[in-house]
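# A structural walkthrough
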Amino acid sequence: MVRGFYTLASGMLTQDRVLETAGNNLANSGTNGFKADRMASRTFGSMMVERIDGQRTPVGSVTLMAAPDREETDFSQGAVRQTGRALDFALGGDGFFAVRTAGGTRYTRRGAFRLDGEGYLALEGVGRVLGRDGAPIFLGTDDVSSDGQGNLLAAGRPAGSLGVFRFADNARLRADGEGLYRGDGAQPAADPDVRWECLEDSNIDSVRELTDAITAQRSLQSCAQALKIYDTVLDKTTTDLGRV
C-alpha cells in the first residue's frame, strides 16, 4: 500500500517536469536557432519478487519508482529561411557560432547579429561574436556580405571569417539558457556551411509539444486522484484497526 504512494508521487514529479519542459519549448518556438529539450526519466530502486509455495520461485523484478533524471537536447536542424538582412546568418548541418560573454565563451545557433557600439559583430544582450581565430570580429559597418564558408567582406574589404565550431559529442554540452551552451573541446569546422542573410528557425514541433503538455497534465490529475483514494483507504484502514 505504502509503495503506491512512492510510485504516484514520483509519477507526479516526472510529469510536472515534462510539463515544464514542454512549456519552455513552446515559449521558445519563435526563437531562432532554439533547440528542443526532452525530459528523460530513470528507475529508482528495484526489488526481486519471489513466490513462496514450498520453495522460493523467482517471479521477476519490480521497479519501486521512476524519477525525472535529466533534460536531453534535440540538436536536429531547424528550417532555414531567408531574411535579406545583412547581419543574419544560419548554419547548415552540425556546428555552433561562438560568443564571448562575461562568463566565458558560449556556443549558439542563434544568428541574428548586430553591431555593438564599437562596430563589433555581436549577439544582442549576450556578447561579441568570435571569428575562426577566436577573436571578436570588427566590421565597423552593416554593409556586409559573406560567402558560404563565413568569409566576410565589410564595405568590400576582407573582415575575417565567422567562427563555426564543432564538438565530438553535442550531448555533452551544458545548456546555459536562451539558446546558449557551454562545452569543452570545441574545434573550428573545416567545412562550415554558412547561410548569409538567413536565419534558422527553432526545431520545435508545436503539435508534439502541445500533445506532451496535455498528456502530462492528465497524468498529473490522475496521479493526484489516485493519491486521494490511497489516503482515504489508508486512513480508513488505520481507523478500523484501531477499533479492533
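Refer to the structure printed above.
These remarks concern the structure in this document. From a predicted model like this one, the values you see are computed outputs, not experimental measurements.

This paragraph deals with the pairing of strand β14 (residues 157–161). In the sheet, strand β13 (residues 151–154) pairs with β14 via three bridges, with the strands oriented antiparallel. Residue asparagine 151 lies in a different strand from β14, and its bridge partner there is serine 161. Taken together, β13 and the strand that follows it, β14, pair antiparallel across an intervening segment of two residues, in which alanine 155 is found at a positive phi of about 55°.

Counted as a void, the largest pocket has a volume near 350 Å³. If you trace the largest pocket, you find 21 residues lining it, with Asp37, Glu71, Thr73, Ala175 and Tyr181 closest to the centre. Only β4 (66–73), β16 (174–175) and β17 (180–182) provide two or more residues apiece to the lining of the largest pocket. For the lining of the largest pocket, the element with the highest residue contribution is β4, accounting for four residues. Partitioned by chemical class, the residues of the lining of the largest pocket number seven nonpolar, six polar and eight charged.

This paragraph deals with the packing of aromatic side chains. One pass over the structure, following the stated rule, counts nine aromatic pairs. When the centroid spacing of 5.2 Å and the interplanar angle of 80° are considered together, the rings of phenylalanine 97 and phenylalanine 113 count as edge-to-face. Residue phenylalanine 97 is found in strand β7 (residues 96–101), and its partner phenylalanine 113 is found in the loop between β8 (104–108) and β9 (114–115); the two are separated by 16 residues along the sequence. Accessibility classification places phenylalanine 97 together with phenylalanine 113 in one group, the buried group. Counting every residue linked through ring pairs, the aromatic cluster contains Phe75, Phe96, Tyr107, Phe165, Phe167 and Tyr181.

Quick look at the pairing of β13 now. If a strand is regular, its side chains alternate between the two faces of the sheet. Burial of β13 is one-sided: the residues Leu152 and Ala154 facing one way are buried, the residues Asn151 and Leu153 facing the other way are not. Bridge count between strand β12 (residues 144–146) and β13: three bridges; the pairing is antiparallel. Residue pairing across strands places serine 146 opposite leucine 152, the latter belonging to β13. A loop of four residues connects β12 with β13, the two strands running antiparallel in sequence, and glycine 150 in this loop sits at a positive phi of about 85°.

Scanning all chains against the criterion turns up 13 salt bridges. Between lysine 35 and glutamate 200 there is a salt bridge whose closest N-O contact spans 2.5 Å. Pair noted here: lysine 35 is in the loop between α1 (2–27) and β1 (37–43) and glutamate 200 is in strand β20 (residues 198–200), with a separation of 165 residues, a long-range link. On the basis of relative accessibility, which here comes to 1%, the residue lysine 35 falls in the buried class. A relative accessible area of 1% means that glutamate 200 is categorised as buried.

One non-glycine residue, alanine 155, lies in the positive phi region at around 55°. As for its position among the elements, alanine 155 is in the loop between β13 and β14. Its relative accessible area of 37% is what places alanine 155 among the partly exposed residues. The phi dihedral of glutamate 178 is positive, around 60°, even though this residue is not glycine. Among the secondary structure elements, glutamate 178 is positioned in the loop between β16 and β17.

Conventions used here
Residues numbered from 1 in each chain as written. Predicted model: local features only at pLDDT ≥ 70, side-chain atom pairs only at ≥ 80, totals over all residues. Heavy atoms only, no water. Pairing = 2+ DSSP bridges. Helix = DSSP H or I, 4+ residues; strand = E, 2+ residues; numbered from the N terminus. 1 Å grid on protein atoms, 1.4 Å probe; cavity = no way out; pocket = protein on both sides within 12 Å on 5 of 7 lines; lining within 4 Å. Points joined across faces, edges and corners; volume = space filled by probe spheres on them. Nonpolar A, V, L, I, M, F, W, Y, C, P; charged D, E, K, R; others polar. Phe/Tyr/Trp six-rings, centres within 6.5 Å; stacked < 30°, edge-to-face > 60°. Buried < 20%, exposed > 50% of the residue type's maximum accessible area, 1.4 Å probe, protein only. Salt bridge = Lys/Arg side-chain N within 4 Å of Asp/Glu carboxyl O.

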